[in-house]
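# Commentary on secondary and tertiary structure
Here's the letter readout for the chains.
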Amino acid sequence: MIPENEAERMAAVRRYDVLDTPPDGAFDRITALAAKHFDVPISIVSIVDTDRIWFKSHHGIDVPEIDRDPGLCASAILGDGAWIVEDAQRDPRTMANPLVAGEMGLAFYAGAPLTTADGHNLGTLCVIDQRPRPFSDAQAQTLSDMAAVVMDELELRLAARRVVDQESGLRRQAEEMARALQESLLPRELPRVAGLELAALYLPADAGVVGGDFYDVFGVGDACALVVGDVSGKGARAAAVTALARNTIRTASLSLASPAEMLRTLNRAMFLGRTGPEVDHFCTVLVATVARRDDGALAVTVASGGHPPGLVLRADGSTAEVHGSGPPAGWYEDAAYAERSLALMPGETLVLITDGITEARTPDGMLGGDGLARVLAEARPTSAADAVQAIRRTLSASGVDVRDDAAALVLRPTS
């Protein structure tokens, strides 16, 4: 009762991954149709496992499986065509079978194998009666045709699962590529700068797509520069513009110490290669230069190109926005940028963000700048890392929907 190719057959059973799956209307309709067509009380779609016969669908009998040993389906999978027993109590193949001689009193069995494209019999579509009956060649062919419909359904589900698995694999590959590309557009680690404490946050809205948000920190003479930006669009095009923005600002800082001059240089670079008046890409960006003062405070100079304002968290818990004036880089070829200067005292925190943070949807509405200020004021961070964690907790809280990439760069003077 064991096929010669049993190992390969069981590999095929596992390939279709049907064992112990929930009841299914498609298979239940087939067994109901078979029972009605052949005028029998019982019809079953069975899968022959190593030690049991499991019923994917069972019409007219409330049994989910039986042992493989007495099961007639184990015999039905040994051949290529339908296996017919018209009078089981007189047939030498079945007269001693417990299902025939026992309480069930099975008298008629006809089973057509569920045959895969590569020739393995997974189980059967069978019809059963408790009285003997003839079964013609035409009926056997109809039963085999119905079994082929069952097999078509199994093949369809296998194909669908393979598509899902393939899409999942492609998605994972895309996420890995996007993550690698995104990481190349961000500093691998923040630099150590005397007198400064730095922390950063980046949360992509979609792990499989390269976003346009970025941040950067680098030296500018005796000072350092902080950059937070948001490029229009997503994907490879956004990645190219992000790389352009970062590299242009870094290059400009070699000869230009002013944030406004860096933004003007970036703005000119955004227009290189354009052939028409259309704005096909642009970048909101905030640049801040930071220098240590003799009294321990930080002298901060800020210029902004259409970017959300920064936020200063004072030692007493109050907050103030840090605004700049000027359009996004890439909007106007003759754009002008103004600067604002401020002093950041020990115990105070400067938070630079992208709009994915303030545009996050909370149960009470959009977070906004005021909501972010409340979050930081209530957190009372004692370090740059504390401030980043407060933002992260807010964005990952239940009921909060972050629909865009979110980045933050936090700075505190050290004592």
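Read on for an overview of the structure. (Residues numbered from 1 in each chain as written. Predicted model: local features only at pLDDT ≥ 70, side-chain atom pairs only at ≥ 80, totals over all residues. Heavy atoms only, no water.)

### Overview of the environment of Gln-166
Looking at the element boundaries, Gln-166 is found in helix 5 (residues 137–184). Taking relative accessible area as the criterion, Gln-166 reaches 53% and is therefore assigned exposed. Sequence separation between Gln-166 and Pro-381 is 215 residues; the distance between their C-alpha atoms is 45 Å. (Helix = DSSP H or I, 4+ residues; strand = E, 2+ residues; numbered from the N terminus. Buried < 20%, exposed > 50% of the residue type's maximum accessible area, 1.4 Å probe, protein only.)

### Things to note about the nonpolar core
One finds Leu-226, Val-285, Val-300 and Leu-411 to be the most contacted residues of the largest nonpolar core, which totals 47 residues. In this view, Val-300 contacts Ala-288, Thr-289, Val-290, Arg-340, Ser-341, Leu-342, Leu-344 and Leu-350; residues no more than four positions away in its chain are not counted. One finds Ala-34, Ala-110, Ala-140 and Met-151 within the second-largest nonpolar core, a separate group that totals 30 residues. (Core = buried A, V, L, I, M, F, W, Y, C linked by side-chain atoms within 4.5 Å. Contact = heavy atoms within 4.5 Å.)

### Some points on unusual backbone geometry
Positive phi, close to 50°, is recorded for Asp-17, a residue that is not glycine. Residue placement: Asp-17 occurs in the loop between helix 1 (6–16) and helix 2 (25–38). For Asp-17, a relative accessible area of 49% puts it in the partly exposed group. A positive phi is found at Asp-20, a non-glycine position, where the angle reads about 65°. You can see Asp-20 is positioned in the loop between helix 1 and helix 2.

### Considerations on the packing of helix 6 (residues 235–253) against helix 7 (residues 259–271)
The geometry of helix 6 relative to helix 7 is characterised by a closest axis approach of 9 Å and an angle of 135° between their N-to-C directions. Classified by the interaxial angle, the pair formed by helix 6 and helix 7 is oblique. Where helix 6 crosses over helix 7, the two elements pack in a sense that is right-handed. Every residue of helix 7 that contacts helix 6 at Val-241, Leu-244, Ala-245, Thr-248, Ile-249, Ala-252 and Ser-253 is listed here: Met-262, Thr-265, Leu-266, Ala-269 and Met-270. Grouping the constituent residues of the contact of helix 6 with helix 7 by class yields nine nonpolar, three polar and no charged. (Axes fitted to C-alpha atoms, helices over the stretch in contact; angles between N-to-C directions. Parallel < 35°, antiparallel > 145°, perpendicular 65-115°, else oblique. Left-handed = near helix turned anticlockwise from the far one by under 90°. Nonpolar A, V, L, I, M, F, W, Y, C, P; charged D, E, K, R; others polar.)

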